[in-house]
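Listed below are the residues making up each chain.
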Amino acid sequence: MFKDIAAVLFDLDGTLIDSAPDLGAAADKMRTDRGLESLPLALYRPMAGAGARGMIGVAFGLTPDDARFADLREEFFRNYESRMTEHTTVFDGVAELITDIGRAGFQWGVVTNKSARFTVPLTKAMPLFDTARTIVSGDTTPHAKPHPAPLLEAARQLDVAPERCIYVGDDERDIVAGRAAGMPTVAAAYGYLGKMADTGGWKADATIAVPGALLNLLRMA
């Protein structure tokens, strides 16, 4: 399943970078601005991969169906936009992984549901992404994951057949999207969902507990 691989595509939040501290702080500011008590990051972290939906859900217990959600989401976006890289870091082992991927001759890129409003300045501010050959945001195509369109667009930009791309992500939607795009998939069990998720039920082709374990799969290619 990992033979003849030419490119590695990654989800962003929870797979390459730990943005939970800034996402959580953006939502928590909404609480404290309203005189509500601050919540610990530990409550926000498991939902960081769900973006505004997850953060507002933790902060206020609301879903996108609530009439107040749209206004709160835009407030959250403004808060997050002002602090995107204050405490966001690259996961341990990721920088070394990206270096090794490049040395081995693989192209690499990012496919995220984060909108370009945030993806572009964030990735430009972090040296890790200097060698990325493609960065596809949640609004690059008409559909976001779990639809395969963003992954197919990334493969198109790389000029690599989808079946020659591996997709790595820490959410079941990533695996669904990768499978639908015809790509071998790898579940990142070190991501935000961690032990909360039954990654075995995602039907990924492989699961890694640390970023560097991906190299072992690529050496099988």
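Residues numbered from 1 in each chain as written. Predicted model: local features only at pLDDT ≥ 70, side-chain atom pairs only at ≥ 80, totals over all residues. Heavy atoms only, no water.

Okay, helix H7 (residues 149-158) next. For H7, the tally of buried residues reaches 7 of 10 residues, placing the bulk of the element in the interior. All of the buried residues along H7 are Ala 149, Pro 150, Leu 151, Glu 153, Ala 154, Ala 155 and Leu 158. Looking at the buried residues of H7, the elements they touch are strand E1 (7-10), strand E4 (107-111), strand E5 (134-136), strand E6 (165-169) and helix H8 (172-180). (Buried < 20%, exposed > 50% of the residue type's maximum accessible area, 1.4 Å probe, protein only. Helix = DSSP H or I, 4+ residues; strand = E, 2+ residues; numbered from the N terminus. Contact = heavy atoms within 4.5 Å.)

This part is about the packing of aromatic side chains. Applying the stated criterion across every chain yields a total of 8 aromatic pairs. Ring geometry for Trp 108 against Phe 129: centres 6.1 Å apart, planes inclined by 35°, an arrangement best described as tilted. Highlighted residues: Trp 108 in strand E4 and Phe 129 in the loop between helix H6 (116-125) and E5, separated in sequence by 21 residues. An aromatic cluster is defined as three or more aromatic residues linked by ring pairs; in this entry it consists of Phe 76, Phe 77, Tyr 80 and Phe 118. (Phe/Tyr/Trp six-rings, centres within 6.5 Å; stacked < 30°, edge-to-face > 60°.)

Of note, the amide linkage connecting Lys 145 to Pro 146 takes the cis form, showing an omega dihedral of 20°. As for its position among the elements, Pro 146 is in the loop between E5 and H7. Positive phi, normally seen in glycine, also occurs at Asp 4, with a value near 60°. If you trace the backbone, Asp 4 turns up in the segment before E1.

A few words on the packing of helix H1 (residues 20-33) against helix H3 (residues 51-60). For any two helices packed against each other, one specifies the inter-axial angle together with the distance between the axes. Between H1 and H3, the shortest axis-to-axis distance is 9 Å and the interhelical angle comes to 40°. Here H1 lies oblique to H3, going by the angle between them. When the axes of H1 and H3 are compared, the crossing they make is right-handed. In contact with Leu 23, Gly 24, Ala 27, Met 30 and Arg 31 of H1, H3 contributes Met 55, Ala 59 and Phe 60. A breakdown of the residues in the contact of H1 with H3 according to their chemical character gives 6 nonpolar, 1 polar and 1 charged. (Axes fitted to C-alpha atoms, helices over the stretch in contact; angles between N-to-C directions. Parallel < 35°, antiparallel > 145°, perpendicular 65-115°, else oblique. Left-handed = near helix turned anticlockwise from the far one by under 90°. Nonpolar A, V, L, I, M, F, W, Y, C, P; charged D, E, K, R; others polar.)

The subject of this paragraph is the environment of Asp 198. Here Asp 198 is to be found in the loop between strand E7 (185-188) and strand E8 (206-208). Its relative accessible area of 58% is what places Asp 198 among the exposed residues. Linking Asp 198 and Val 160, residues 38 residues apart in sequence, is a C-alpha distance of 31 Å.

Judged by nonpolar contacts, the single largest core of 51 residues is most densely connected at Phe 10, Phe 76, Ile 101 and Leu 214. Ranked by the residues each element gives to this core, the list is headed by H1, at 5 residues. Setting aside its immediate chain neighbours within four residues, Leu 214 contacts Val 8, Phe 10, Leu 97, Ile 101, Val 168, Val 186 and Ile 208. In this structure, Val 136, Ala 154, Ala 155 and Val 160 belong to the second largest nonpolar core, which totals 15 residues. (Core = buried A, V, L, I, M, F, W, Y, C linked by side-chain atoms within 4.5 Å.)

Coordinates in, geometry out; function isn't part of it.
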